[in-house]
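A structural walkthrough
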Amino acid sequence: MTPAVLRNRLLLAAVLVGGVLLAMALTGGIAWRHGTFSKSVEIYAIAQNAASIAPGTAVRLSGVRIGEVRSLDLMPDLTVRVTMGIDADLLDKLRSDARAQLIREQLRPATIDLDPGGAPTPLDPRDRKIAFGGRGTLTEIADDLRSRLVPILDDLRQVTGTLRARQGDIGTVLANAAAASGELAKTAAEMRALAAGSRAQLADIGSQSQALITQGNATVAKVGGLIEQVNTSLGVVNGALPALMSKAESTLSQLDAVARDTRQISAAAAATLPGVLRTAPPLVDDANELVQGARQNWLVRGLLPPAPAAELPISSHDASALRDVPAR
Amino acid sequence: MISASTRLALGYTAMLTHGVMHAARLREAAVREALARQIHLSGVQALPAVSLIAALLGAVVPTQAMALLGTDNESVLKILVWGGIRELAPLIAALVLTARSGVAIATEVALMHLRSGMDESLWHGAAHEDEVVIPRMLGLAVCGALLVSYFQTIAVAAALLASSVLLDTPLLAELDTFLVSGVWWQVLAAIGKGILFGLAIGAVCCYHGLNAEPKVAAVPKAAVAAGLGSLAAVLAIDLFAAGLRFV
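Remember, predicted model here, so these are calculated numbers, not experimental data.

About the thresholds
- Residues numbered from 1 in each chain as written.
- Chains lettered and ligands numbered in written order.
- Predicted model: local features only at pLDDT ≥ 70, side-chain atom pairs only at ≥ 80, totals over all residues.
- Helix = DSSP H or I, 4+ residues; strand = E, 2+ residues; numbered from the N terminus.
- Buried ≥ 20, exposed ≤ 12 C-beta atoms within 10 Å, placed from the backbone.
- Contact = placed C-beta atoms within 7 Å.
- Nonpolar A, V, L, I, M, F, W, Y, C, P; charged D, E, K, R; others polar.
- Core = buried A, V, L, I, M, F, W, Y, C linked by C-beta atoms within 7 Å.
- Pairing = 2+ DSSP bridges.

Brief notes about the overall build of chain A
Along chain A, the regular secondary structure elements total 5 helices and 7 strands. The buried share of chain A, taken over its 328 residues, is 10%. In chain A, 55% of the contacts between residues at least 6 apart in sequence involve partners at least 24 apart.

Brief notes about the interface of chain A and chain B
At the interface, 22 residues of chain A touch 24 residues of chain B. With 15 residues, helix α1 (residues 3-33) of chain A is the largest single contributor of residues to the side of chain A that touches chain B. Considered class by class, the residues forming the side of chain A that touches chain B number 11 nonpolar, 7 polar and 4 charged.

Some thoughts on the nonpolar core
Ranked by size, the top nonpolar core spans 76 residues in total, and within it B:A93, B:L147, B:F151, B:A200, B:I201, B:A203 and B:C206 carry the most contacts. With 22 residues, the single largest contributor to this core is helix α6 (residues 126-167) of chain B. When sequence neighbours within four positions are dropped, the list of residues in contact with B:I201 reads B:A94, B:L97, B:T98, B:G102, B:L140, B:S230, B:A233 and B:V234. Formed by 20 residues, the second largest nonpolar core is a distinct cluster that contains A:A45, A:A47, A:V82 and A:M84.

Structural notes on the pairing of strand β5 (residues 99-103) of chain A
Residue and element names in this part refer to chain A. Covered by surrounding structure in β5 are A100 and L102 only, the residues R99, Q101 and I103 on the alternate face being uncovered. Of the strand pairs in this sheet, β5 and strand β6 (residues 111-115) are connected by 5 bridges, and their pairing is antiparallel. Its bridge partner lying in β6, Q101 is registered against D113.

Notes on the environment of B:T107
Residues and elements named next belong to chain B. For T107, the position within the fold is in helix α4 (residues 73-115). Looking at T107, the number of C-beta atoms within 10 Å reads 19, which means it is partly exposed. In this structure, the C-alpha to C-alpha distance between T107 and A212, residues 105 residues apart in sequence, is 9.3 Å. In contact with T107, other than residues within four places in its own chain, are V219, A222 and A223.

Now the structure itself:
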């Protein structure tokens, strides 16, 4: 074998080995980055529509690729079961309310963004199902906005047409509104003046109330002084009362002694007076007879007119009339 | 009466089947020698040209993609992965093989047929035909895989470098983004397509070389027919592969 042939053979072998190594490196690098050599677990979500999703669609968590869509299966109720393979180490980060969201943007491949959720319980290991939602593209959002705006614009057009048709009425309405506004301005001015008067009256009432309160305070102070005086007087009375009571008691005892003496004197007088009193009535009777005899026999008796008879009142039930009628 | 296209297709298929069925002839030292020589001529010697094309394409694709799509790094890398690796690398390798080696093989075999002085019976003898066809067909298959492997690696490296320079991002970050965007089996699928393209080009070119009339005017005709037939076969296989992906 010549050196040239040997060199060619070595070059050929190097190129072949280099080609194989490059292919293996490229394939192995991609497979390693996709987690082919790491442990992965499957989770799934039920989507109403799997448009834009395909096996291999990236699954991201916080924007970092953690897996991909493994398969799409049409369910009997026409929903789609989207099975995703994700890094097994991240499974415990998903909570029971974890959620997958399909993100489609213009000119960019669709991705599924995982929201790990915040529920206290982790994802059920026996049924690794998460919720699924989609976010519309700009075109879909624009279509939705257009569908919402078109009825509003139609209504606005109708309102504008109606307003144009009733422009004269609107002028009248505006004039009335201007007049009403003027009246309202006047009313507002009156209300303002009324409010100012009320404010002044309230100020007077306030000052009077303040004076009354001051007087009341003074009166209360006086009453307090009087109460203090009464307290002082009561203290004096309390001091003098025992002495007065003792004096009254001694006076009463003295009066009792006087009464007792009086009873003794009365008893003594009663023992001496009956004889006198027993002799006094015949003497009075005698004196009466003498006066009667003298009146009947006295000379001047004829000179004097006889006493008139008592005049009876009209109504005998009036005792005061009988009592008040002067004797004639 | 069958059409010319059908006859050609049947002839290509027969040549391909014949070469694959008699691959055991590689045990012979002369056949292995011819195979090594064919790989050296069609693969090693074509490597600089393929590498240059790959580097230029790898650098141009991100630039053009960013001009079209903006500095959307992920989309650029997606275009590079899907277009550059799976589709462009086998097609470019096939074009290089056809232009550099396929036409040369057809011309060489036609000239051998014309100038060897060998009679018809010897040329159509199984042993000699296998010695001519098998090293060239299998050699182009190996070269197809080899060129695709180098092409996609160099194209990706150039694209990552261009993307890193244009976006002012770390090269390792670009590499990581590419690895995330890529699909591992696409690399192997592209190499597989390169093998199929090489086999087809070798079979087509050998067919036209072997079936050339023994006269000088037939040699360029055989070369032209080999070139066009190779391109047609490559596109047909690519279409078939694309169809398989959607089945």
